[in-house]
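Next come the chains, spelled out residue by residue.
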Amino acid sequence: MTTIVMTGGSSGFGAIAAQRLAHSSETRLITGERSPSADAIALDLASLESVRAFAVAVQELLGENSIAVLGLNAGTILPDTAGRTVDGYETGFAVNHLAHYLLLRLLLPSLAEKGRIVLTTSGTHDPATGAGLALPRHADAELLAHPDRDPGVHPNARTAGQHAYTASKLCTVLTVRALNANPDIRSRHITALAYDPGQVFGTGLARDLALPLRIAWSVLGTPVGAPLRRFNRNVNTREAAANALADLALGTVTPPPGRTYAALRHGEITWPDPSELARRDDLAAALWDDSARLVGLAD
């Protein structure tokens, strides 16, 4: 039986993808949710202790089996950088990057030979996408975890919040880059991909933003948003985003040689270069090491 472990499978396009994955032939889907159902394990990505408990629970369920696919899809965007997790880190960065980094590190030993890892990122990390959000200035984990220590943080709270989001998504792509340079990943022939679903309205991503933005986000996810999807190649339906995520997870779609960044454009998976910052090996290595210290790992 194939075992898939997934976050972000309870709402939005992640829920649609989870349904497809769960109904794949001889597949066991293990999901982490803040309010778990009978088929899920409790997971609060704003708590590193919860991440550790989830990893232990997954390993107990696995027994002698291994994980075929690890899909880290959950994410959030916040209106500012004022929030802090129980661990004292900026909430958006902690949820989008640190929690998934820790979960990845804890579950890597349980990943099967020729397994797959798919981390959901965002094209907003790349100036070439033209997404309209404030672009990331750096991928310094210490400063992103503690924006009050960042001398370059934007004085406008909304802009600072956008920076935090896009930087966390840059960190996702860099994490995948570090994974693909990891000798253990290479020796086990594990495929690690960063997946940009484009702009997908009607999901829970905007749940913490101001009411007008939440309303617009919801409305544009209905047929009202069809003209926008027609003329903006970065805008996709929940169904298209879900199917692409499932295809990458199941290996139905495989990357061209040397490609690790999948971007959904007009409902089709493409393989562009990520941003210039996301292609830097020195940033990927530094982020890996700094993230390990922040989550309490030895390296």
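The coordinates are above.
Not measured: the values here are computed from a predicted model.

**A look at the environment of alanine 192**
Reasoning step 1: Relative to the helices and strands, alanine 192 resides in strand 6 (residues 191–196).
Reasoning step 2: Given the relative accessible area of 1%, alanine 192 is considered buried.
Reasoning step 3: Once the C-alpha coordinates of alanine 192 and aspartate 80 are considered, the two residues, 112 residues apart in sequence, prove to be 31 Å apart.
Reasoning step 4: Sequence-distant contacts of alanine 192, defined by excluding residues within four places in its chain, comprise Ile117, Val176, Leu179, Asn180 and Thr260.

**Some details on the packing of aromatic side chains**
Reasoning step 1: The full count for this structure, using the stated rule, is 1 aromatic pair.
Reasoning step 2: Ring centres of tyrosine 101 and tryptophan 288 lie 5.1 Å apart, and the angle between their planes is 80°; this geometry places the pair in the edge-to-face category. In this pair, tyrosine 101 sits in helix 3 (residues 91–107) while tryptophan 288 sits in helix 10 (residues 281–295), placing the two residues 187 residues apart along the sequence.
Reasoning step 3: According to the relative accessible area criterion, tyrosine 101 is buried, its value standing at 1%.
Reasoning step 4: Judged by relative accessible area, tryptophan 288 falls into the buried class, the value being 13%.

**Points about the nonpolar core**
Reasoning step 1: Val5, Val58, Phe93, Leu107, Ile117 and Leu179 are the most contacted members of the largest nonpolar core, which has 56 residues in total.
Reasoning step 2: For this core, the element with the most residues is helix 3, which contributes 10 residues.
Reasoning step 3: Leave out the neighbours within four places in its chain, and valine 58 touches Val5, Ile30, Ile41, Ile67 and Leu107.
Reasoning step 4: Grouped together as the second largest cluster of nonpolar side chains are 23 residues, Ala68, Leu193, Tyr195 and Leu248 included.

**Side note on the pattern of salt bridges**
Reasoning step 1: Inspection of every chain in the model, using the stated rule, returns 10 salt bridges.
Reasoning step 2: The partner of aspartate 44 in a salt bridge is arginine 34, with the nearest N and O atoms 3.9 Å apart. With a gap of 10 residues between them, aspartate 44 in the loop between strand 3 (40–42) and helix 2 (48–62) and arginine 34 in the loop between strand 2 (27–33) and strand 3 connect regions that are remote in the sequence.
Reasoning step 3: Between aspartate 290 and arginine 293 there is a salt bridge, and its shortest N-O distance comes to 2.0 Å. Pair noted here: aspartate 290 and arginine 293 are both in helix 10, with a separation of 3 residues, about one helical turn.
Reasoning step 4: The buried category is assigned to aspartate 290, whose relative accessible area is 16%.

Conventions adopted
Residues numbered from 1 in each chain as written. Predicted model: local features only at pLDDT ≥ 70, side-chain atom pairs only at ≥ 80, totals over all residues. Heavy atoms only, no water. Helix = DSSP H or I, 4+ residues; strand = E, 2+ residues; numbered from the N terminus. Buried < 20%, exposed > 50% of the residue type's maximum accessible area, 1.4 Å probe, protein only. Contact = heavy atoms within 4.5 Å. Phe/Tyr/Trp six-rings, centres within 6.5 Å; stacked < 30°, edge-to-face > 60°. Core = buried A, V, L, I, M, F, W, Y, C linked by side-chain atoms within 4.5 Å. Salt bridge = Lys/Arg side-chain N within 4 Å of Asp/Glu carboxyl O.

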